[in-house]
Amino acid sequence: MPGLKLFHTTNGGVTEVTPRLAAVEADVQDLVETHMESMLGVTFLASEYVIDCVDGGRIDSLGLDENGAPVIVEYKRGTDAGVINQGLSYMAWLMSHKDAFRSLVRDRLGVTAASQILWSAPRLICVAGDFTRYDAHAVREHRRSIDLVRYRYFGSDHIGLETVASVTGHSAEAKRVRRRAAGAPPVRQQGGATAELAAAVDEVLVGLGGGVTRVQRKQYRAYQRLRNFACLIPPQQTKVLVYLKADPTAVDLVSGFTRDVTGLGHHGTGDLEVQLRTDRDLERAQDLFRLSYAAA
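Figured I'd write up the structure that's included with this text. (Residues numbered from 1 in each chain as written. Predicted model: local features only at pLDDT ≥ 70, side-chain atom pairs only at ≥ 80, totals over all residues. Heavy atoms only, no water.)

### Focus: the overall build of the protein chain
Next, step 1: For the protein chain, the count of helices and strands is nine helices and 13 strands.
Next, step 2: The 296 residues of the protein chain split such that 46% are buried.
Next, step 3: For the protein chain, the exposed area adds up to about 14,500 Å²; of that, 50% sits on carbon and sulfur atoms. (Helix = DSSP H or I, 4+ residues; strand = E, 2+ residues; numbered from the N terminus. Buried < 20%, exposed > 50% of the residue type's maximum accessible area, 1.4 Å probe, protein only. Areas by Shrake-Rupley, 256 points an atom, 1.4 Å probe, with all protein chains shown as cover.)

### Concerning the environment of V105
Next, step 1: Looking at the secondary structure, you find V105 in helix α4 (residues 98–109).
Next, step 2: Given a relative accessible area of 0%, V105 falls into the buried group.
Next, step 3: Sequence separation between V105 and L62 is 43 residues, and the spatial gap between their C-alpha atoms is 9.9 Å.
Next, step 4: Not counting residues up to four positions away in its chain, the partners in contact with V105 are L45, L64, G110, A113, A114 and I117. (Contact = heavy atoms within 4.5 Å.)

### Points about α4
Next, step 1: Here α4 contains 12 residues, and its C-alpha end-to-end distance of 16 Å stays within 8% of the 16 Å for a straight helix at 1.5 Å per residue.
Next, step 2: Taken as a whole, α4 has its buried residues at F101, L104 and V105. Buried residues of α4 fall within an arc of 95° about the axis and therefore sit on the same side. Structural note: α4 exposes D99 and D107 on the side pointing more than 90 degrees away from its buried face.
Next, step 3: Looking at the buried side of α4, the elements it contacts are β2 (42–50), β3 (58–65), β4 (70–76), α3 (83–96) and α5 (111–115). (Expected span 1.5 Å × (residues − 1). Arc of directions from axis to C-beta.)

### Things to note about the nonpolar core
Next, step 1: Grouped together as the largest cluster of nonpolar side chains are 31 residues, with contacts concentrated most on L62, I72, I84, F101 and L148.
Next, step 2: Those elements giving two or more residues to this core turn out to be β2, β3, α3, α4, β5 (123–128), α6 (133–139), β6 (145–154) and β7 (158–167).
Next, step 3: Setting aside chain neighbours within four positions, we find I84 in contact with L124, C126, D135, V139, I146 and L148.
Next, step 4: Counting residues in hydrophobic clusters, the runner-up holds 26 residues, among them V201, L208, V212 and V274. (Core = buried A, V, L, I, M, F, W, Y, C linked by side-chain atoms within 4.5 Å.)

### Digging into the packing of aromatic side chains
Next, step 1: Under the definition given, this model contains four aromatic pairs.
Next, step 2: Considering the side-chain rings of F101 and W119, the 5.8 Å spacing of their centres and the 70° angle between planes classify their relative orientation as edge-to-face. Of this pair, F101 sits in helix α4 while W119 sits in the loop between α5 and β5, and the two are 18 residues apart along the sequence.
Next, step 3: For W119, a relative accessible area of 15% puts it in the buried group.
Next, step 4: Between Y151 and Y153, the ring centres sit 5.9 Å apart and the planes meet at 80°, which makes this aromatic pair edge-to-face.
Next, step 5: Judged by its relative accessible area of 0%, Y151 falls in the buried class. (Phe/Tyr/Trp six-rings, centres within 6.5 Å; stacked < 30°, edge-to-face > 60°.)

In short, the description is geometric, and any link to function would need to be established separately.
Printed below as a string of structure tokens:
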């Protein structure tokens, strides 16, 4: 499968190579919830969350992603045309019951996390055995952020995840930002060379491949491929900072260009800091960008 990300779920080896579906839907849910952070970049909050709407229902999994956005995860063993609409109905409930979700985050992760929820970018992740071409088309017709993720088991201790479709939502705030940008002066007038360099970085990151989405926070802009693979910090006076998910220990670090920031506080996510001052820096950073994109 192209774009397949394989996860080890135990310390054993692969006993069979033929991909297969789970015996029951609950097996997929249990496995993903146990490894949600490594698989989806989402912090697990609750399972089978009961909602008090007219029709009732249970949200399979609730979580908070790396950027503080609320996440609903719905699972299906095989192909189910109703999974997207079901998830969207739960998202509608979530957005009209923010206090309930905020309380859940506060109880699990603390007051600070609850105060920084990114309400402008809620996400729905559907994990299923497969999707139809109509599903991939349908998600593009909605204004919410939706990821369709196909799974397969490989043996008894490996699961593969493949993003079939990924669509960024169009929130009211995002539309306001685009309207402001449409009437703004050219980048060079706004911030000089570093702002122009940051715009070039944005173009490169988005162009790395299919399924790249942006998430804007005040302190940084995240680039996702299901989970973050890069975070661009607003340009400073003399340089542009990008944080990547590439492993710093697997990279030849260069003083003034790359830095291992594991355990050091910074905005955004990722342990490899890349410092860009010129177009030449951007050119030599592209292999690192691709490495991080592939890892995500």
